[in-house]
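# Summary of the model geometry
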Amino acid sequence: MGRPSYPVLLLALIGLVVVLFFLSLAVGQVWINPWNGLVANGDQLAKADKVILWEIRLPRALLAVFVGCILGLSGAVLQGLLRNPLAEPGVLGVSASASLGAVLAIYSGLTTSFAYALPIAALIGALLGVLLLLSLAGRGSDVLTMILSGVAITSLASALTSLALNMTSNPFASLEIVFWMLGSLTDRSMVHVQLAVPLIAVGGVMLLSTARALDALSLGTDVARSIGVDMKRTRFLAIMGTAMGVGAATAVAGAIGFVGLIVPHLMRPLVGSRPSKLLPVSALGGAAFLITADLAIRLMLPDRDLKLGVVTAIIGAPFFLWLLIKIRKRIV
Amino acid sequence: MSIQCMGVGVKLGKRQVVRHVTFSSNQPELIGLIGPNGAGKSSLMRALVGLVESSGQIMFDDLPSYEMSALELARKVAYLPQERVVHWPLAVRDIIMLGRMPYQSGFGRASQQDNEAVDRAISVMGLEALASRPFDALSGGEQARVLIARLVAQEASVIIADEPINGLDPAHQIALMQILKNLVANGKTVLVSLHDLSLASRWCERILILNDGVLLDDGSAREVMTPGRMEEVYGVQIRKVEAGGQSFVVPTGLIDTRTPPLVPLDGDETHGL
């Protein structure tokens, strides 16, 4: 049917991510050959270039890869778990509660005295959000309760975020809040990487381990359970994996939308819609998408500090519409 | 291939929907479970496969089901729910392969055995030509066959199917009953819930009548699908028709006012619907 074989597809995507990763190290205000800096000991590199490479571009590129991975992966898992093509990482309320944590850190002025107060507060926010979700929908087995609980948590967190914005007397703080919420990877350090990557990795492993159960869930919860799937375990892994991974991603990068929604849709036709095969390719696709968007920012408007979340939405929304129209045409 | 159901009861919330149901089967046979809407057929079936909590005891091959893990149970009994959905346009073969899940571990690479079982299921159901097609490109009859093929690939000795012929045209209904009969010929015990009394009386060698959660009768169609019983349970009149050496039960009309008439009598379009 003209579909690439699965190993070929995986290798091609890995290759694409690697190429984009190195491109992301090379491209910017100054052109740097990352090979010299990373592999050949950096002897040929000027000192300034070395600093740019190691302290600015490397953390940014690494975060783009990991954040993109976890957004694509969690989107694919949640669409499979909830059997809803509109599901995305934000549906559980994790992104909104992480944002609230971050906003409170800015609002209270904690960020001015301690640089990493922001990601840590965001992580705490994500954790509280998921605890609330589990207490609301943890025992109930149905999908609808979970989605509605997520919606409720998102609304509450957004309302409190707005309240913080509303109550801020310092205009700089409100500007900082607004900019942070747009989502960005600029000026992140290796400490951000160290903070987020372990959590993203653990969350990612939890999410990947739901693959087989998600295949079975294609036939509905009853069939899945009747062929031996432990639904409680699957739901726990999916929710906690998303909370840890996406919570950590939001903590360091802000709210970046659309990646988790559209990447699984992009990848689905390539793997014959099988959820277990969709997960790894959605992770890689998410990484490729986010690095590309981040590169686009630097190339198109290098002086304007365009925010990553804005770009993903600007690319993502029309693309999603195009995809919908294409799918509709095929059905009609 | 034995199933024993002893004093099984199911409570949904505060309502007792199945009460003390006892029956057993020690040989391959096609058992029809009939009864009006809300009689507890689906709840009983779900209890048998462990999807709802139940009282009493359920045993497969003389092993109590509560002593089995979900995977062990899945190798004993395969279940087709009333709701026939496939959420993503999976390929037919991938759907049938899901029947092998109880035999796979970890990341679930299909073994030689799994592939052979799926091939057998595909050929039993005559799906060779459709194996690589996406599910959403199939007709309703083809989809029903694919979902049964998943049951076949599961290679459980007991098959429980909840209203599998719903929504199919007469040709596909008969073809599906024939398929279930073939499964019995291959050594399976098949428990199937049906609303079509004539198909139930024609194809099932044994009929269980469930009403209000209580098992009223257990026997051959000739013995238990009597006019008196059908009137009591469904509120319908029936006629027994002999054709081609076989006997059918055919509902002919309503008996009492318990069931609201489908055609409004007073001109109010919505009344009684």
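Residues numbered from 1 in each chain as written. Chains lettered and ligands numbered in written order. Predicted model: local features only at pLDDT ≥ 70, side-chain atom pairs only at ≥ 80, totals over all residues. Heavy atoms only, no water.

## Considerations on the overall build of chain A
Across its full length, chain A holds 15 helices and zero strands. Dimensions of chain A along its principal axes, counting C-alpha atoms only, are 65 × 55 × 35 Å. Split into buried and exposed, the 332 residues of chain A put 54% on the buried side. A separation threshold of at least 6 residues defines the contact pool for chain A, and within that pool the share at least 24 residues apart is 77%. (Helix = DSSP H or I, 4+ residues; strand = E, 2+ residues; numbered from the N terminus. Buried < 20%, exposed > 50% of the residue type's maximum accessible area, 1.4 Å probe, protein only. Contact = heavy atoms within 4.5 Å.)

## A short note on the overall build of chain B
Across its full length, chain B holds nine helices and twelve strands. In terms of C-alpha radius of gyration, chain B reaches 20 Å, essentially the compact-globule figure of 19 Å for 273 residues. Counting over 273 residues, chain B shows a buried share of 49%. Intrachain contacts of chain B at a sequence separation of at least 6 include 65% that bridge at least 24 residues. (Rg over C-alpha atoms; globule rule 2.2 N^0.38 Å.)

## Quick word on the pattern of salt bridges
If the charged atoms of two oppositely charged side chains come close together, the side chains can form a pair. If you walk through the whole model with that rule in mind, you get 16 salt bridges over all chains. Ionic pairing is found between Arg60 of chain A and Asp294 of chain A, a salt bridge with its closest N-O pair at 2.9 Å. Taken as a pair, Arg60 of chain A in helix α3 (residues 47-82) and Asp294 of chain A in helix α14 (residues 275-300) lie far apart in primary sequence, 234 residues in all. Of the residues examined, Arg60 of chain A reaches a relative accessible area of 10% and is grouped as buried. For Asp294 of chain A, a relative accessible area of 1% translates into the label buried. With a closest N to O distance of 2.8 Å, Glu232 of chain B and Arg229 of chain B form a salt bridge. Of this pair, Glu232 of chain B and Arg229 of chain B both sit in helix α9 (residues 227-234), three residues apart, which is roughly one turn of the helix. (Salt bridge = Lys/Arg side-chain N within 4 Å of Asp/Glu carboxyl O.)

## Re helix α1 (residues 6-26) of chain A
Between its first and last C-alpha atoms α1 of chain A spans 30 Å; for 21 residues at 1.5 Å apiece the expected length is 30 Å, and the two agree. Here α1 of chain A has its buried residues at Leu9, Leu13, Val17, Leu20, Phe21, Ser24, Leu25 and Ala26 of chain A. (Expected span 1.5 Å × (residues − 1).)

## Some remarks on the packing of α3 of chain A against helix α9 (residues 190-208) of chain A
To characterise two packed helices, one gives the angle between the axes of the helices and the distance between these axes. Residue and element names in this part refer to chain A. Two numbers describe how α3 lies on α9: the axes approach to 10 Å, and their chain directions differ by 20°. The angle between α3 and α9 falls in the class roughly parallel. Our pair here, α3 against α9, has a crossing hand that is left-handed. Residues Trp54, Leu58, Pro59, Leu62, Leu63, Phe66, Val67, Ile70, Leu73, Ser74 and Val77 of α3 lie in contact with α9, whose contacting residues are Met190, His192, Val193, Ala196, Val197, Ile200, Gly203, Gly204, Leu207 and Leu208. Residue classes in the contact of α3 with α9 are distributed as 17 nonpolar, four polar and no charged. (Axes fitted to C-alpha atoms, helices over the stretch in contact; angles between N-to-C directions. Parallel < 35°, antiparallel > 145°, perpendicular 65-115°, else oblique. Left-handed = near helix turned anticlockwise from the far one by under 90°. Nonpolar A, V, L, I, M, F, W, Y, C, P; charged D, E, K, R; others polar.)

## Let's talk about the interface of chain B and chain A
Contact with chain B, which involves 28 residues of that partner, is made by 27 residues of chain A. Buried surface at the junction of chain B and chain A, summed over both partners, amounts to about 2,300 Å²; 64% is from carbon and sulfur atoms. For the pair chain B and chain A, the interface holds two salt bridges. A salt bridge links Arg46 of chain B to Asp222 of chain A; the nearest nitrogen and oxygen atoms lie 2.3 Å apart. In this assembly, chain B and chain A are joined by four residue pairs in polar contact (both at pLDDT 80 or more). Only α2 (70-76), α3 (92-97) and α5 (140-153) of chain B provide two or more residues apiece to the side of chain B that touches chain A. For the side of chain B that touches chain A, the element with the highest residue contribution is α2 of chain B, accounting for three residues. Class assignment for the residues of the side of chain B that touches chain A results in 18 nonpolar, seven polar and three charged. (Buried area = accessible area lost by both parts, 1.4 Å probe. Polar contact = N/O pair within 3.5 Å; in protein donor to acceptor, adjacent residues only side chain to side chain.)

## Here we look at the environment of Leu156 of chain A
Structurally, Leu156 of chain A can be placed in helix α7 (residues 143-167). Taking the C-alpha atoms as reference, Leu156 of chain A lies 31 Å from Gly220 of chain A; in sequence the two are 64 residues apart.

## Remarks on the packing of aromatic side chains
The final tally for this structure, using the stated rule, is three aromatic pairs over all chains. Here the aromatic rings of Phe319 of chain A and Trp322 of chain A are separated by 5.5 Å at their centres, their planes lie at 45°, and the arrangement is tilted. With Phe319 of chain A and Trp322 of chain A both in helix α15 (residues 308-331) and three residues apart, this pair spans about one turn of that helix. Assessed through its relative accessible area of 46%, Trp322 of chain A is described here as partly exposed. Between the NZ or CZ atom of Lys277 of chain A and the centre of the ring of Tyr6 of chain A, over which it lies, the distance is 5.3 Å. Above the face of the Trp203 of chain B ring, Arg202 of chain B is positioned so that its terminal group lies 4.2 Å from the ring centre. (Phe/Tyr/Trp six-rings, centres within 6.5 Å; stacked < 30°, edge-to-face > 60°. Lys NZ or Arg CZ within 6 Å of the ring centre and 35° of its normal.)

## Regarding the side chain of Gln4 of chain B
All names here are of chain B. Summarising the element assignment, Gln4 is placed in strand β1 (residues 3-12). There is a polar contact of 3.4 Å between the side chain of Gln4 and the side chain of Asn26. Residues within four places of Gln4 in sequence aside, it is in contact with Phe23, Ser24, Asn26, Gln57, Ile58, Met59 and Asp62.

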